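So you can see what is in the structure, the chains are spelled out below.
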Amino acid sequence: MFKEFKEFAMRGNVMDMAVGIIIGAAFGKIVASFVNDIIMPPIGLLLGNADISGLFYALDGKQYDTLARAQEAGAATLNYGLFFKAIIDFILVAFVIFMMVKQMNRLNKKKEQAPAAPTAKDCPKCFSSIPIKATRCPNCTSEI
């Protein structure tokens, strides 16, 4: 069983997946910072200097100044501001991944469309196909 696990863990695609997960976690932190520090302040300014992540509704019917105070009081809350923030995070991550995949596809198309270097040419006398480096046609023996 240990041998099978070792073979599984050392397979190339498992290692690639591990690297992808680690890079994805780091990328998630960058996106979270971008959303919290760049995107949310202008949105909060449009909402009247409110922090969108602090928007909530207390289910006990009482009014609380902040989400932290509602949570300290033990009130059940609907944290729709945090939900909106998570949606914005998701949209940004999905957009960046879409742009990366689109770019990769574009680069792959260029590789596929690149014409291969010719390996043969036609003899001008007998029109048979000969290697491109040939100096004499093997069919009609004319010099090229």
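The structure this text deals with has already been given above.
(A) Quick look at the side chain of Ser-142. Within the secondary structure, Ser-142 sits in the segment after strand E4 (129-131). Residue Ser-142 is classed as buried on the basis of its relative accessible area, which comes to 14%.

(B) Structural view of the state of the cysteines. One pass over the structure, following the stated rule, counts zero disulfides. With no disulfide partner, Cys-123 has as its closest neighbouring cysteine sulfur the one in Cys-140, 3.7 Å distant. A relative accessible area of 1% places Cys-123 in the buried class. Considering cysteine sulfurs only, Cys-137 is the nearest to Cys-126, which forms no disulfide, with 3.6 Å between them.

(C) Highlighting the packing of aromatic side chains. One pass over the structure, following the stated rule, counts two aromatic pairs. When the ring of Tyr-80 is compared with that of Phe-84, the centres are 6.0 Å apart and the planes differ by 75°; the resulting orientation is edge-to-face. Here Tyr-80 and its partner Phe-84 are both found in helix H4 (residues 80-113), four residues apart, which amounts to about one turn of the helix. In this structure Tyr-80 comes out as partly exposed when scored by relative accessible area, which is 36%. Its relative accessible area of 38% is what places Phe-84 among the partly exposed residues. Three or more aromatic residues joined by ring pairs make a cluster, and in this case those are Tyr-80, Phe-83 and Phe-84.

(D) The pattern of salt bridges, seen in detail. This structure, assessed with the given rule, holds two salt bridges. For the salt bridge of Asp-65 with Arg-69, the shortest nitrogen-to-oxygen distance reads 2.7 Å. Its relative accessible area of 64% is what places Asp-65 among the exposed residues. According to the relative accessible area criterion, Arg-69 is partly exposed, its value standing at 46%. Linking Glu-143 and Arg-136 is a salt bridge whose minimum nitrogen-to-oxygen distance equals 3.0 Å. Exposure remark for Glu-143: the relative accessible area of 60% places this residue in the exposed category.

What counts, and at which threshold
Residues numbered from 1 in each chain as written. Predicted model: local features only at pLDDT ≥ 70, side-chain atom pairs only at ≥ 80, totals over all residues. Heavy atoms only, no water. Helix = DSSP H or I, 4+ residues; strand = E, 2+ residues; numbered from the N terminus. Buried < 20%, exposed > 50% of the residue type's maximum accessible area, 1.4 Å probe, protein only. Disulfide = S-S within 2.5 Å. Phe/Tyr/Trp six-rings, centres within 6.5 Å; stacked < 30°, edge-to-face > 60°. Salt bridge = Lys/Arg side-chain N within 4 Å of Asp/Glu carboxyl O.

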